[in-house]
Amino acid sequence: MLSPLGVLCAAATVAVSLYAPLTQAAELHVMNSGGFTAAYKVLLPKYEAESGDHVDTAWGPSMGKAPEAIPNRLARGEAADAVIMVGYALDDLIKQGKVRPDSRVDLADSRIGVVVKAGTPVPDVSTPEALKAALLQAESVAYSDSASGVYVERELFKRLGIEQEMKGKSVMIQKTPVAEKVAAGDFALGLQQVSELLPVRGAAFAGKIPESLQSVTRFAAGVPVNAVHPEEAKRMLQYMAAPSAAGDVASTGLDPLLH
């Protein structure tokens, strides 16, 4: 028969064993697209330090034909606890039944900017007329295969009245950040979301395209229906969407949301 002290020890052991699974750190798997990457890399270490969770990240665009694209990863059955991507692409996954509707969290807005190779003249892109001139004068132009590039190809050139002129010298780039191609000298001018342009060394930022021509991309996140750690993933996404994260988000070229 156990002594009173033994009973207390046994009870404590049972209590610890019951509580341990609730406090055990989670191993989260996240799929993240390019536009939110810089902010994600700033916020993630802080979240891991506060939560004790560890996050493994797979990178890929929000859409497109590349095997790394998030919809294509999910279609192959790759596991994820959270996906961070362009908002309307996330909505498509929700409609397809691949992401939980009640898990959707808006994170930030992103605007399109322009870069040229560092050391070359930086064009004025502050007005529609100036942007049009810069595009026409550039020997070659690159844009991404994600939301910003789709807008550039289908709408921006048309709105500027230079659709035919751009056909022979503009290229949609898959997977690789546009600024990297410009920094390498493969293209004279590049357009992509500002948050994806700023981190690249060797590329000079010319500025955002005029607001009258902007296409604002909303980045959002959600939890796939087959997530292993859905609650932990929701907490991580809420952390990144919180007002306390706004300063870090803004520092990367994104526009924080007022929740």
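Scroll up for the structure.
Residues numbered from 1 in each chain as written. Predicted model: local features only at pLDDT ≥ 70, side-chain atom pairs only at ≥ 80, totals over all residues. Heavy atoms only, no water.

Asker: I'd like to hear about the sheet that holds strand S10 (residues 217-222), residue by residue, with values.
Answerer: In sheet architecture, strand pairing relies on hydrogen bonds along the backbone and comes in two forms, parallel and antiparallel. Spatially, S2-S1-S3-S10-S4-S11 is the arrangement adopted by the six strands of the open sheet, whose pairing is mixed. In the strand order of this sheet, the two ends are held by strand S2 (54-59) and strand S11 (255-256), each with one partner. Across four bridges, the pairing between strand S3 (residues 82-86) and S10 is antiparallel. Among the inter-strand pairings, Ile 84 is bridged to a residue of S10, identified as Ala 221. Where helix H4 (residues 87-95) meets the sheet, it contacts S3 and S10, and its direction lies at approximately 130° from that of S3. (Pairing = 2+ DSSP bridges. Helix = DSSP H or I, 4+ residues; strand = E, 2+ residues; numbered from the N terminus. Contact = heavy atoms within 4.5 Å. Axes fitted to C-alpha atoms, helices over the stretch in contact; angles between N-to-C directions.)

Asker: Give a description of the packing of helix H2 (residues 37-51) against helix H10 (residues 230-241) that names residues and reports values.
Answerer: Helix-helix packing: each pair is described by the crossing angle between the helix axes and the interaxial distance. Across the interface, H2 lies against H10 with an axial gap of 10 Å and an inter-helix angle of 125°. Between H2 and H10, the crossing angle belongs to the class labelled oblique. The element H2 and its partner H10 pack so that their crossing is right-handed. Note on element contacts: H10 touches H2 through Glu 232, Arg 235, Met 236, Tyr 239 and Met 240, opposite Tyr 40, Leu 43, Leu 44, Lys 46, Tyr 47 and Glu 50. Of the residues in the contact of H2 with H10, the class split is seven nonpolar, no polar and four charged. (Parallel < 35°, antiparallel > 145°, perpendicular 65-115°, else oblique. Left-handed = near helix turned anticlockwise from the far one by under 90°. Nonpolar A, V, L, I, M, F, W, Y, C, P; charged D, E, K, R; others polar.)

Asker: Explain the environment of Gln 24 to me, using residue names and the numbers behind them.
Answerer: Along the chain, Gln 24 turns up in the loop between helix H1 (4-23) and strand S1 (27-32). As a C-alpha pair, Gln 24 and Arg 73 span 49 residues in sequence and 28 Å in three-dimensional space.

Asker: Give me the lowdown on the pattern of salt bridges, citing residues and values where you can.
Answerer: Side chains carrying opposite charge are able to pair once their charged atoms draw close together. Counted by the stated rule, this structure contains 10 salt bridges. Here Arg 73 ties to Glu 78 by a salt bridge, and the two come within 3.0 Å at their closest N and O atoms. Arg 73 sits in the buried class, given a relative accessible area of 12%. One salt bridge in this structure joins Lys 234 and Glu 231, with 3.9 Å as the shortest N-O distance. You can see Lys 234 and its partner Glu 231 sitting in helix H10, three residues apart, about one turn around the helix. On the basis of relative accessibility, which here comes to 44%, the residue Glu 231 falls in the partly exposed class. The structure contains a network of salt bridges with shared partners spanning Asp 91, Arg 104, Asp 106, Asp 109 and Arg 218. (Salt bridge = Lys/Arg side-chain N within 4 Å of Asp/Glu carboxyl O. Buried < 20%, exposed > 50% of the residue type's maximum accessible area, 1.4 Å probe, protein only.)

Asker: How would you sum up the side chain of Thr 252? Please name residues and give values.
Answerer: You can see Thr 252 is positioned in the loop between helix H11 (246-251) and S11. For Thr 252, a relative accessible area of 8% corresponds to the buried category. A distance of 2.8 Å separates a polar side-chain atom of Thr 252 from the backbone oxygen of Val 249. Setting aside residues up to four positions removed in sequence, Thr 252 forms contacts with Ala 38, Ala 39, Val 42, Ser 195 and Leu 198. (Polar contact = N/O pair within 3.5 Å; in protein donor to acceptor, adjacent residues only side chain to side chain.)

Purely geometric numbers; function is a separate question.
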